[in-house]
Amino acid sequence: MNYGQIRKYDVANGEGIRTSIFVTGCNHHCKGCFNEEYQDFDFGEKWTDKETREVIEDLKLQEVSGLTLIGGEPMEHPHELKEIVKKIKREVDKSIWVYSGFTYEKILEDEEKLALLKECDILVDGLFIEKELDLSLRFRGSRNQRVIDIQKSLANGEVTIWDKL
C-alpha cells in the first residue's frame, strides 16, 4: 500500500484535531475529486512500520482527537489498513474515522472491507458528486454523502447517522 501523506494535524477530515493517513489508489475517479493525484495506486511512498510508529506517536499527543483514513480510497486497501489500525489501537484509544466512496451497504457485502469497517468508529460514505457539492456541509463535500456511526449501525442492523451533526 502506498500513501500520499500523513497529516499530523488535520482539522478538515473529522471531529477535532486529527492525524490523517492519505492512502493512494482509487478506482472511483469522481469528477471534481479534491485529491486527483491520489487516485494513482503507484503515487506516493510505500507504507512501512516506520509510518505506523509515526502515526502512533502523533496520536499520543493530547491535542489530537483521533485518526482519519482518507485518500485515495481506503477501502481499496482493507487488509493492510485493518492491520495498521489494529497495531495503533493496541497503543492508542482514540476515535477512527474512515472516508470511502463505497456506501455502507456495499462495504457490508465485502468481508475484507467489513473487517476494516468494524475497527473504525465513523464512516463518511458515498462518492463525491460534483452536482451535489455543498460547502456548508460538515465533514463531507456532497449532499449524498453520509456521516455514519459505524458501531451503532452494526448493532442496530441499519444505518445510524452520527448524532453530532
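Residues numbered from 1 in each chain as written. Predicted model: local features only at pLDDT ≥ 70, side-chain atom pairs only at ≥ 80, totals over all residues. Heavy atoms only, no water.

Undergrad: Which parts of the structure should I look at to understand unusual backbone geometry?
TA: Of the consecutive residues Gly-71 and Gly-72, the connecting peptide bond is found in the cis state with omega at 20°. Phi angles above zero are rare outside glycine, and His-29 is one such case at about 50°. Residue Phe-139 is not a glycine yet carries a positive backbone phi of 65°.

Undergrad: How should the environment of Asn-13 be read in this particular structure?
TA: Relative to the assigned elements, Asn-13 resides in the loop between strand 1 (2-10) and strand 2 (18-23). Look at Asn-13 and you get buried, because its relative accessible area is 8%. Considering only alpha carbons, one finds Asn-13 and Tyr-99, 86 residues apart in sequence, at a separation of 8.5 Å. Setting aside chain neighbours within four positions, we find Asn-13 in contact with Arg-7, Arg-18, Ser-20, Phe-22, Thr-68, Ile-70 and Tyr-99. (Helix = DSSP H or I, 4+ residues; strand = E, 2+ residues; numbered from the N terminus. Buried < 20%, exposed > 50% of the residue type's maximum accessible area, 1.4 Å probe, protein only. Contact = heavy atoms within 4.5 Å.)

Undergrad: Explanation requested: the pattern of salt bridges in the structure shown.
TA: Should their charged atoms come close, side chains of opposite charge can pair. Counted under the stated rule, the structure contains 18 salt bridges. Lys-106 is paired through a salt bridge with Glu-109; the nearest N and O atoms lie 3.5 Å apart. Because the salt bridges share partners, they merge into one network encompassing Arg-53, Glu-57, Lys-60 and Glu-91. (Salt bridge = Lys/Arg side-chain N within 4 Å of Asp/Glu carboxyl O.)

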